[in-house]
Amino acid sequence: ALPHNGAARADGENMVANEEERESRMNVSKAALIVIDVQVRLVPAMAGFDKVQENLLRLLNAGSLMGVPTLISEQYPAGLGPTIAPLKQAAGDAVYLEKRSFAVGDDASSEGLETFLANRSKPDILISGSEAHVCVLQTALKLIEAGHQVRLIADACASRTPENHALALSRA
């Protein structure tokens, strides 16, 4: 059967009709994962966090199996605590980055974010974490402005209310 655009190659690979469609497909070898602010003092306030945690663990485990580099941010860990233990255990050799602004990379964390992205040349960025409508969204918008392909993993993002979660998804 032919793919939806009616084109196929002799080797069985689908051909992409245009450059825009090609760029919209994620390439795992060019992917990086950023998990934002899933910390011990924030998590209890997040709506439906059990399911979000399950999805975050699934995302981290899949990323690990596929060799996707991971960055985990922590918003003011002295006050909000560290990343929750189950995520730390699943994160393996993730890079940890402390921040004090909403977006990862808007403060002293900018050098760490730039190093993480530059060392890996990964333009496809998967973003997850909390809070979806603040830190996650601000980070996504910052990375989009910088020319990265950003994919917000909706079911691996948390907010205090379902309305705030929906707001983030409508803006991303």
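The structure this text deals with has already been given above.
Anyway, here's the lowdown on the structure attached to this text.

What counts, and at which threshold
- Residues numbered from 1 in each chain as written.
- Predicted model: local features only at pLDDT ≥ 70, side-chain atom pairs only at ≥ 80, totals over all residues.
- Heavy atoms only, no water.
- Helix = DSSP H or I, 4+ residues; strand = E, 2+ residues; numbered from the N terminus.
- Buried < 20%, exposed > 50% of the residue type's maximum accessible area, 1.4 Å probe, protein only.
- Polar contact = N/O pair within 3.5 Å; in protein donor to acceptor, adjacent residues only side chain to side chain.
- Contact = heavy atoms within 4.5 Å.
- Phe/Tyr/Trp six-rings, centres within 6.5 Å; stacked < 30°, edge-to-face > 60°.
- Lys NZ or Arg CZ within 6 Å of the ring centre and 35° of its normal.
- Expected span 1.5 Å × (residues − 1).
- Pairing = 2+ DSSP bridges.
- Axes fitted to C-alpha atoms, helices over the stretch in contact; angles between N-to-C directions.

## Things to note about the side chain of Thr 70
- As for its position among the elements, Thr 70 is in strand S2 (residues 70-75).
- When its relative accessible area of 9% is taken as the criterion, Thr 70 is described as buried.
- Looking at Thr 70, its side chain comes within polar contact range of the main-chain oxygen of Val 68, at 3.5 Å.
- What Thr 70 contacts, discounting residues up to four positions off in sequence, is Leu 33, Val 35, Leu 60, Ala 94, Val 95 and Phe 116.

## Structural notes on the packing of aromatic side chains
- Tallied over the entire structure, the rule returns zero aromatic pairs.
- The side chain of Lys 88 reaches across the aromatic face of Tyr 96, ending 5.7 Å from its centre.

## Describing helix H6 (residues 132-145)
- Its 14 residues give H6 an end-to-end C-alpha distance of 18 Å, which sits within 8% of 20 Å, the value for a rise of 1.5 Å per residue.
- When we look at burial in H6, the residues that qualify are Ala 132, Cys 135, Val 136, Leu 137, Thr 139, Ala 140 and Leu 143.
- Positive backbone phi, at 95°, marks Gly 147, one or two positions downstream of H6.

## Some thoughts on the sheet that holds strand S3 (residues 95-99)
- Read from one edge of the open sheet, five strands run S3-S2-S1-S4-S5, paired in parallel fashion. Unpaired on one side and paired on the other, S3 and strand S5 (149-158) mark the two borders of the sheet. For this sheet, the mean inter-axis angle between neighbouring strands, taken without regard to orientation, is 20°.
- Pairing analysis gives six bridges linking strand S4 (residues 124-130) to S5, with the strands arranged parallel. Across the sheet, Gly 129 pairs through a bridge with Cys 157, a residue of S5.
- Each of strand S1 (31-36), S2, S4 and S5 touches helix H2 (residues 49-66); the most contacted strand, S5, lies at about 135° to it.

So far we have only geometry, and geometry alone does not tell us how the molecule works.
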